[in-house]
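Architecture at a glance
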Amino acid sequence: MAGRVLTIAGSDSGAGAGLQADLKTFCALGVYGSTVVTAVTAQNTLGVQDWMALPASLVTEQIRSVRADIGAVAIKTGMLANAEIITVVANSLKADPPQSLVVDPVMAAKSGDPLVDDTAVTAYRETLFPLATVVTPNLPEVERLLGSQVRGESEMRRAAQAIVGFGCRAALIKGGHAAGSARDILYDGADFYTFEEERVITQNDHGTGCTLASAMAAYLARGLALPDAVSEAKKYLTGALRHSYPVGAGHSPVNHFWRGTLAPSDSQN
Ligand code: PXL
């Protein structure tokens, strides 16, 4: 089962974010990727025009199908759409925990369009976070999860501690929405780690959160320790931003294949 990663996420028809970004990341980083669909969005680089969640029972059944046959050492969750889906995903993963679980608590698209309903925040905190190896909120997501504003690095550190207080093993607070530096803070219950890469100024930044969390899941599946997985994932994302090119009039995708692709057999170490 080495090098198998499952994403549980929404579909982005423009293929810049969501499970399409996740699968491209898995292909680029040499792991076999499978995809459980939670919701379908009608979306392009300009925004989200419409979306609909799938029935929770169909989400459960997809997880069962993949894990009964293909398996997954690491699982990543993205857009889960509502409390019912968050809860069935949590129940299913609690019954059969993967080695690593990366929870990207997606609340809104880059365009600002909401991708969850209001019931999601409590469900995340109470059901899914306690199962997670790491939770990866950006600053707007941190503010919704904690109900308070977060400014500057010392508040990011306190926010990371508060999120670990919900029961996850670690929290990565992404500073990309902050003015100035694009520093991210990881807290694993014992130590803080700071990650910084050059901030790439581009409009081609759709799917950055999905790509970072998927890359972390891929590197965890390949056996890296969490701080190394974060560091490698951030380097991969920075390159993907730097090598991006416009495919629409709005926020275009990052370039997942800037380093080519790695065959899964190359990463089965
Ligand atoms: O970036 C968060 C995200 C997650 N999942 C889907 C999305 C987006 C952003 O647009 O469309 C399906």
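Reference entry: report on the structure contained in this document.

Conventions we followed
- Residues numbered from 1 in each chain as written.
- Predicted model: local features only at pLDDT ≥ 70, side-chain atom pairs only at ≥ 80, totals over all residues.
- Heavy atoms only, no water.
- Helix = DSSP H or I, 4+ residues; strand = E, 2+ residues; numbered from the N terminus.
- Expected span 1.5 Å × (residues − 1).
- Buried < 20%, exposed > 50% of the residue type's maximum accessible area, 1.4 Å probe, protein only.
- Arc of directions from axis to C-beta.
- Contact = heavy atoms within 4.5 Å.
- Disulfide = S-S within 2.5 Å.
- Core = buried A, V, L, I, M, F, W, Y, C linked by side-chain atoms within 4.5 Å.
- Salt bridge = Lys/Arg side-chain N within 4 Å of Asp/Glu carboxyl O.
- Axes fitted to C-alpha atoms, helices over the stretch in contact; angles between N-to-C directions.
- Parallel < 35°, antiparallel > 145°, perpendicular 65-115°, else oblique.
- Left-handed = near helix turned anticlockwise from the far one by under 90°.
- Nonpolar A, V, L, I, M, F, W, Y, C, P; charged D, E, K, R; others polar.

If you check helix α6 (residues 152–164), its first and last C-alpha atoms are 19 Å apart, about what 13 residues at 1.5 Å a residue would give, namely 18 Å. Within α6, burial applies to Met-156, Ala-159, Ala-160, Ile-163 and Val-164. Buried positions in α6, seen along its axis, are confined to an arc of 135° and lie on one side of it. Packed against the buried residues of α6 are β6 (134–135), α5 (139–146), β7 (171–174) and β8 (184–187).

Using the criterion set out here, one finds 0 disulfides in the structure. Counting only cysteine sulfurs, Cys-210 is the nearest neighbor of Cys-168, a cysteine outside any disulfide, at a range of 19 Å. Cys-27 supplies the cysteine sulfur nearest to Cys-210, a cysteine that is in no disulfide, at a spacing of 15 Å. Classification of Cys-210 by relative accessible area gives buried; the value is 12%.

What follows covers the nonpolar core. Burial of nonpolar side chains together is a common tendency in soluble globular proteins. Judged by nonpolar contacts, the single largest core of 50 residues is most densely connected at Ile-8, Leu-80, Val-89, Val-103, Tyr-124, Leu-128 and Ile-163. In terms of residues, this core owes the most to one element, helix α3 (residues 83–95), which gives 7 residues. Leaving out residues up to four positions away in the same chain, Val-89 has contacts with Ile-8, Val-59, Ile-63, Thr-77, Leu-80 and Leu-128. In terms of nonpolar packing, the next biggest core, distinct from the first, is built from 32 residues, Val-5, Val-200, Leu-220 and Tyr-236 among them.

Now for the pattern of salt bridges. Counted under the stated rule, the structure contains 10 salt bridges. Residues Lys-76 and Asp-22 are paired through a salt bridge, measuring 2.9 Å at the closest nitrogen-oxygen approach. Of this pair, Lys-76 sits in strand β4 (residues 74–77) while Asp-22 is found in helix α1 (residues 18–28), placing the two residues 54 residues apart along the sequence. Note on accessibility: Lys-76 and Asp-22 belong to one class, buried. The shortest N-O distance in the salt bridge between Arg-242 and Glu-198 comes to 2.6 Å. In this pair, Arg-242 sits in helix α8 (residues 226–242) while Glu-198 sits in the loop between β9 (192–195) and α7 (208–221), placing the two residues 44 residues apart along the sequence. One network of salt bridges, with partners in common, ties together Glu-153, Arg-183 and Glu-196.

On to the environment of Gly-33, then. When you line up the elements, Gly-33 lands in strand β2 (residues 32–44). Residues Gly-33 and Met-79, 46 residues apart in the sequence, show an inter-C-alpha distance of 17 Å. Once residues within four sequence positions are removed from consideration, Gly-33 is found in contact with Val-5, Leu-23 and Phe-26.

Moving on, we come to the packing of α7 against α8. Two packed helices can be described by the angle between their axes and the distance between those axes. Close contact between α7 and α8 brings their axes to 8 Å; oriented N to C, the two are set at 135°. As judged from the angle between their axes, α7 and α8 are oblique. As α7 packs across α8, the resulting crossing turns out to be right-handed. Contact residues: Thr-208, Thr-211, Leu-212, Ala-215, Met-216, Tyr-219 and Leu-220 in α7; Leu-226, Ala-229, Val-230, Glu-232, Ala-233, Lys-234, Tyr-236, Leu-237 and Leu-241 in α8. Among the residues making up the contact of α7 with α8, the classes are represented as 12 nonpolar, 2 polar and 2 charged.

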